[in-house]
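Secondary and tertiary structure notes
Given next are the chains, with one letter for each unit.
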Amino acid sequence: RSRLGPARDRAEGVRPGRSYREPMYREPGFTAALERALAIRWDAVHVDSLDLAGYLGRLPLARTALTHHNHESELLARRAARERWPARRYLGVQARRLRALERRWAPQVALNVFVSHPDADGVLAGVPGARALVIPNGVDLSYFTPVPRLGAEAAFLGGLQWAPNRDALQWFGDDVLPQLRRDGAPPLPVRWIGQASAAERAAHDVPGWLALTGYVPDVRPVLAHAGMFIAPLRFGAGTKLKMLDAWASALPVVATTVACEGLPAVDGENVLVADDAAGFAAAMRRVQGDPALARRLGEAGRRTVEAEFGWEALGRRLADAYEALPPTA
């Protein structure tokens, strides 16, 4: 795709009734391949998110499962609320158009698969007749294993191409980090793991306090040098994979309420929750200064994912649901 592609797609989204997501995923070659594939009678079709709404009308909807990775219209509405005009206006309109797509297609497919109950409730509110299944995001428990916690730094996991992660970095750098720097305690370095341009890294790096790694092929060695995991998210939807990865790694977690949405997070048990900058910084200092608390939080987090979020158990539930779709006529 050319560099102008995303800008062109967003411009096309200005047209009445058009979501900018639709032209983003419109591809003649894919359409032709799909038509060839549909010459075969399939027992089930999996559509990976409403981004592909432009193709749903071509599919056997009575045997089609549609996955919703987030409550997309709500996510966009939350993002719009944090923007200034004209971005606020544009994103607000796009959120309403996405909501119309959700209401149009959710009752027509055989099954809507969600990653959290709040997402399912939000998408299906006012949508009678839609069938839903909640299968939470999972984690590979053999890939993410308890780390030795070799260092005293904090870690975050998430690339800056995702708007909630960019906002989290902005809030952490502008509001939380100054709290840590002025409290007189020893430095608490933070390593921000994930895709970031050279310009973004240069703009946000604070020597001795905050370092952006950029993309790394394997996050586990970096997590092994962390003493805690932070999730300073202020908006988002769905369940946060970064939380599951941290819990599976048995890292103590400090997070906002938003980061915990859709998860069995219990403040003081498997996470410390704080939503204001001073409270977030104080929670980080608690973990830094109390090894017993850090160990207890990490062990509880690992037990949480072992009990509810292992890929094997979740995969069985999803496979059973797909096997139960109406058979081919």
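This text follows the structure it describes.
Residues numbered from 1 in each chain as written. Predicted model: local features only at pLDDT ≥ 70, side-chain atom pairs only at ≥ 80, totals over all residues. Heavy atoms only, no water.

1. Observations regarding the sheet that holds strand β10 (residues 272-273)
Strand order across the open sheet formed by 6 strands is β7-β6-β5-β8-β9-β10, with parallel pairing between neighbours. The open sheet has two edge strands with one neighbour each: β7 (210-214) and β10. Where strand β9 (residues 253-255) lies against β10, 2 bridges are found, and the strand directions are parallel. Bridging across to β10, valine 254 finds its partner in leucine 272. Of the strands in this sheet, β5 (153-157), β8 (226-231) and β9 are in contact with helix α11 (residues 241-248), which crosses β9 at around 160°. (Pairing = 2+ DSSP bridges. Helix = DSSP H or I, 4+ residues; strand = E, 2+ residues; numbered from the N terminus. Contact = heavy atoms within 4.5 Å. Axes fitted to C-alpha atoms, helices over the stretch in contact; angles between N-to-C directions.)

2. What about the layout of surface pockets?
Within this model, the largest pocket holds a volume of roughly 1200 Å³. Lining the largest pocket we find 45 residues, and of these Asn70, Gln161, Trp162, Asn165 and Lys242 sit closest to its centre. Those elements that provide at least two residues to the lining of the largest pocket are α2 (21-24), α5 (72-81), α8 (163-182) and α11. Its residues assigned to classes, the lining of the largest pocket shows 22 nonpolar, 12 polar and 11 charged. Roughly 220 Å³ of internal volume is contained in the second largest pocket. Lining the second largest pocket are 14 residues, and of these Thr67, Val113, Ile135, Pro136 and Leu318 sit closest to its centre. Of all the secondary structure elements, the ones that give two or more residues to the lining of the second largest pocket are β1 (45-48), β3 (111-114) and α14 (311-323). Ranked by residue count, the leading element in the lining of the second largest pocket is α14, at 3 residues. In terms of residue class, the lining of the second largest pocket is built from 7 nonpolar, 6 polar and 1 charged. (1 Å grid on protein atoms, 1.4 Å probe; cavity = no way out; pocket = protein on both sides within 12 Å on 5 of 7 lines; lining within 4 Å. Points joined across faces, edges and corners; volume = space filled by probe spheres on them. Nonpolar A, V, L, I, M, F, W, Y, C, P; charged D, E, K, R; others polar.)

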